[in-house]
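Residue-level listing of the chains:
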Amino acid sequence: MLRVGSNVACLACRNLVSNNNMGIRFRVPLQKLHPLSRAIHHRYSANANPQRPPHRTAARHFTSMSRLPIRPPKPPPGSGGRGHQQQRNFWGLRLAARLLKLRYILLGSAVGGGYTAKKSYEEWKEFLPDFSEYNWVIPDFVWELSEQIDLEKLTKALPEIEEIAKLLPDMPDMSKIGENFAFLKSLLSTETPGEPPLKATEAAPVAAAAAAATTTESSDKQYKKSSDKEKIDQLQEDLVRTQMKYQRMLEKLEKENKELRKVVLQKDDKGIHQRKAKKSLIDLYSEVLDILSDFDTNYDTQDHLPRVVVVGDQSAGKTSVLEMIAQARIFPRGSGEMMTRSPVKVTLSEGPHHVAMFKDSGREFDLSKEEDLSALRREIELRMKKSVKEGQTVSPETISLSVKGPGIQRMVLVDLPGCISTVTAGMAADTKETIFSISKAYMQNPNAIILCIQDGSVDAERSIVTDLVSQMDPQGKRTIFVLTKVDLAEKNLASPNRIQQIVEGKLFPMKALGYFAVVTGKGSAGESIESIKDYEEEFFQNSRLLRDGMLKPHQVTTKNLSLAVSDCFWKMVRESVEQQADAFKASRFNLETEWKNNYPRLRELDRNELFEKAKNEILDEVISLSQVTPKHWEAILQKKLWERVSTHVIENIYLPAAQSMNSGTFNTTVDIKLKQWTDKQLPHKALEVAWETLQEEFARFMAEYKGKDQDDIFDKLKEAVKDESVKRHQWNERAMDSLRVIQHNALEDRSITDKPQWDAAIQFMEETLQSRLKDTESVIGDMVGPDWKQRWMGWTNRTSEQHVRNETKNELERLLKLNEDHTAYLANDEVTTVRKNLEGRGVDVDPVLIKDTWHQMYRRHFLQKALTHCNLCKRGFYYYQRHFVDSELECNDVVLFWRIQRMLLITANTLRQQLTNTEVRRLEKNVKEVLEDFGEDLEKKSHLITGRRVQLAEDLKKVREIQEKLEAFIEALHKEK
């Protein structure tokens, strides 16, 4: 009976705490509570303050539901008397152990600790557990047994401390156990029937709380009469120790509750796979912030949605505070160097597993594994470096990260780069100003909660961020101040009263909603979150800052900070989110109206959709290259190749060889020069021509598509894709060797097999010579100026230089008429003769001018003779075919042009095959790669696809998405209420 009653009492007392995060409410009828619990109930009802504001409930989050006690099974029948006898012999020991455990719970409930002394019974009563779902654990007969327990018999049945000491000879500090055991017996004793046995003390200052901890009237009187300072200090120390013990008990209960929550969440998580996934409230809100961040990084859209902005001086401990809130060492760390180089948005939410994930990646990092933590830190560091542009130190680009885990408070925090006072070597010159501008951009949001982090181990006068925060929030209506490294501050500061001045808001010029003091480790990068929590708890337990009343219990530890920030965040969200939704609704209406008026017949395609459309068009144009006919390719290649090499053939091969009057010398000179040309220049020229031809055809198809009612918004993009693809394309150089062999073999052949080939060579030669003669005539005309008809009809005159040139031309023409077989070079004595003749007519001429004019005159003379000879060779195929060596008609120049023509034809055919079989496909591959690279480069797309139409479609799509997300979030927020 005693054992069952004790369990029920423990159960009832444990159920006085609950976790608000569970979303499950338990209620137990007062009649079914154990008398001990009813006593607590009546006492707290008497002391409840009904006028306490309902919204001050920050401390309720650290309570949790403990595990339910299960009645141990009865020993099996026939198990013998030994086990049963042993159970009877040690019943007193087991009862003492249970009562001692009960003592801690009752004592903690009575004292209330620094965290629960200010809470009224009405607030506790609201969260009393409801056991309607756990009837299978606690049967009805247990409640009936609890009502039949006689407290007086229970008190008398408790053994004396001397008997317990005999049973536990090795247990230390028996005096302390005796004191606690006597106190428990006094709790169970009642003097008046119906009077509650427990007398809880009221919440008061430290002296009153110490008096409540004694729980007896005699100790209260002794404390009031005593004026000994040492006893007062001892009592205060005992009180702090008691509070810390109670806190540890609550943390233990929270740990148990976290395990239960994990089981519940895992069951829900399994159910998600069987139905459509439903996003949590904080995830919906985080998505809205991500869209807004992509929409406009400069906050020109008046984005006033709340988020927690973490600001502070460099190395002040911002990252450590954030990691304690997230319960994982997720950020890269450095000793004295800047690690946070871009804003990091961290979305915290509750989940069955402690994991982290980037918004643009599907990989989950298991934060319970060190290798995943290391990988996450490396990934964050790489993303920061990637976001920083060349020549800069920090970046305004936001990295979005979500962290989920059991017991994590739901909120959205943005960790900003630390403020600096000096730009050091290796940093960009504008780093300081850039950090300030990024911080101001986030803090100027009137609904942003500013979490100001100040290093407590340095002088307050060295603070940079506090002045910035006071400018952004002069009234301190949305600022929470956090003093880090309090352990170092207490150790190093000569006057700890400065810490008290800081947390009371009397030292810094800024104001704040609340002030907190935390310890985030000993400075070692390898510390775990659990070890940091233990160190923080141990420090404040032994710190005289808390013992002397300089700090209040609710102002210390990162846990209390997390609860306060979460409450403030959700309060701000509920007050502002609907107003923001209305603002975006109005923006959407304005944008839709502008689109209807300006682009009534066009779809609202954003930049990504337009890029996909342009991508398909460009790929279609590339594919069209494969539809070009072989005849078209060869004609273009042959024409372009001859245009490229014709000057070299005429000037460097044909003209030098034609100076000899001997057929053998002509052929020898031609063969030598053709061999040199083929080995060094011709294959390279051919490949250049082929590549240029491919580019021109590609550009031609692009231009044709442009004319087919295509959208001119793609012009810049198509031109950039074409240029970049051509730049990346490398012609297959291995084809050069085989091409050289083919060209050499083609030029070696001198056998014209039929009359059509001979006629084609004659025609090719004639066209080439006529073209060159026409060009030469044009050059000479420019040298001598207009003739008499042009001067008379056009009222123009020759210049002095043109007059000299014309007189020189006339003199050189007379020289050529006298010697039609003159060589290509003018002798010095001939130059002197021409000069003297001109001086006799009053024309002073330079010898260089004479030679320059002679070059063009002889060139015209030679081409005219070659054309005459070409006409004579039209009937020379008969002599060539029969090899009449002694014939006066020698047509070696025709054979040369036939060899050149055949080489052009064979080269064009070879290049066409390489183009259609290899290079077109390689160009198509390059175009696809360029399009893929441009598609991943947002800045590139923004530069190439521009215009008001694109920007309007982009804005309209984003505003619609933001409005829809906000409406979904507001709906979920109302359901949670």
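Everything discussed here concerns the structure shown above.
Read on for an overview of the structure.

Conventions used here
- Residues numbered from 1 in each chain as written.
- Predicted model: local features only at pLDDT ≥ 70, side-chain atom pairs only at ≥ 80, totals over all residues.
- Heavy atoms only, no water.
- Disulfide = S-S within 2.5 Å.
- Axes fitted to C-alpha atoms, helices over the stretch in contact; angles between N-to-C directions.
- Helix = DSSP H or I, 4+ residues; strand = E, 2+ residues; numbered from the N terminus.
- Parallel < 35°, antiparallel > 145°, perpendicular 65-115°, else oblique.
- Contact = heavy atoms within 4.5 Å.
- Nonpolar A, V, L, I, M, F, W, Y, C, P; charged D, E, K, R; others polar.
- Phe/Tyr/Trp six-rings, centres within 6.5 Å; stacked < 30°, edge-to-face > 60°.
- Buried < 20%, exposed > 50% of the residue type's maximum accessible area, 1.4 Å probe, protein only.
- Lys NZ or Arg CZ within 6 Å of the ring centre and 35° of its normal.
- Salt bridge = Lys/Arg side-chain N within 4 Å of Asp/Glu carboxyl O.

For the rest of this paragraph, the subject is the state of the cysteines. Under the criterion given, the structure shown has one disulfide. Considering cysteine sulfurs only, Cys452 is the nearest to Cys419, which forms no disulfide, with 9.0 Å between them.

All right, on to the packing of helix α25 (residues 630-658) against helix α34 (residues 847-872) then. Packing of α25 against α34 brings their axes to within 12 Å, and their N-to-C directions diverge by 70 degrees. With respect to each other, α25 and α34 are oriented roughly perpendicular. Across from Ile650, Glu651, Tyr654, Leu655 and Ala658 in α25, the residues of α34 making contact are Arg859, Phe862 and Ala866. Residues belonging to the contact of α25 with α34 are distributed by class as follows: six nonpolar, no polar and two charged.

Any pair of aromatic rings gets described here by the distance separating the centres and the angle formed by the planes. In total, this model carries 15 aromatic pairs according to the counting rule given. With a centroid separation of 5.9 Å and an interplanar angle of 70 degrees, the aromatic rings of Phe764 and Phe897 are classed as edge-to-face. Within this pair, whereas Phe764 is found in helix α30 (residues 755-784), its partner Phe897 is found in helix α36 (residues 892-936), the two being separated by 133 residues in sequence. Residues Phe764 and Phe897 agree in their burial class; the two are buried. Taken together, the ring pairs connect Trp642, Tyr654, Phe764, Trp854, Tyr858, Phe862 and Phe897 into an aromatic cluster. Positioned over the ring face of Phe358 is Arg383, at 4.0 Å from the centre of the ring. Directly above the aromatic system of Phe611 lies the positively charged group of Lys941, at a separation of 5.5 Å from the ring centroid.

Here the focus is the pattern of salt bridges. Pairing is possible between side chains that carry opposite charge, provided their charged atoms lie close to one another. Tallied over the full model, the rule gives 47 salt bridges. The partner of Lys485 in a salt bridge is Asp455, with the nearest N and O atoms 3.3 Å apart. Residue Lys485 is located in the loop between β8 (479-484) and α19 (486-492), and its partner Asp455 is located in strand β7 (residues 449-455); the two are separated by 30 residues in the primary sequence. Looking at Lys485, the relative accessible area reads 23%, which means it is partly exposed. Here Glu504 makes a salt bridge to Lys506, at a shortest N to O gap of 3.2 Å. When its relative accessible area of 62% is taken as the criterion, Lys506 is described as exposed.

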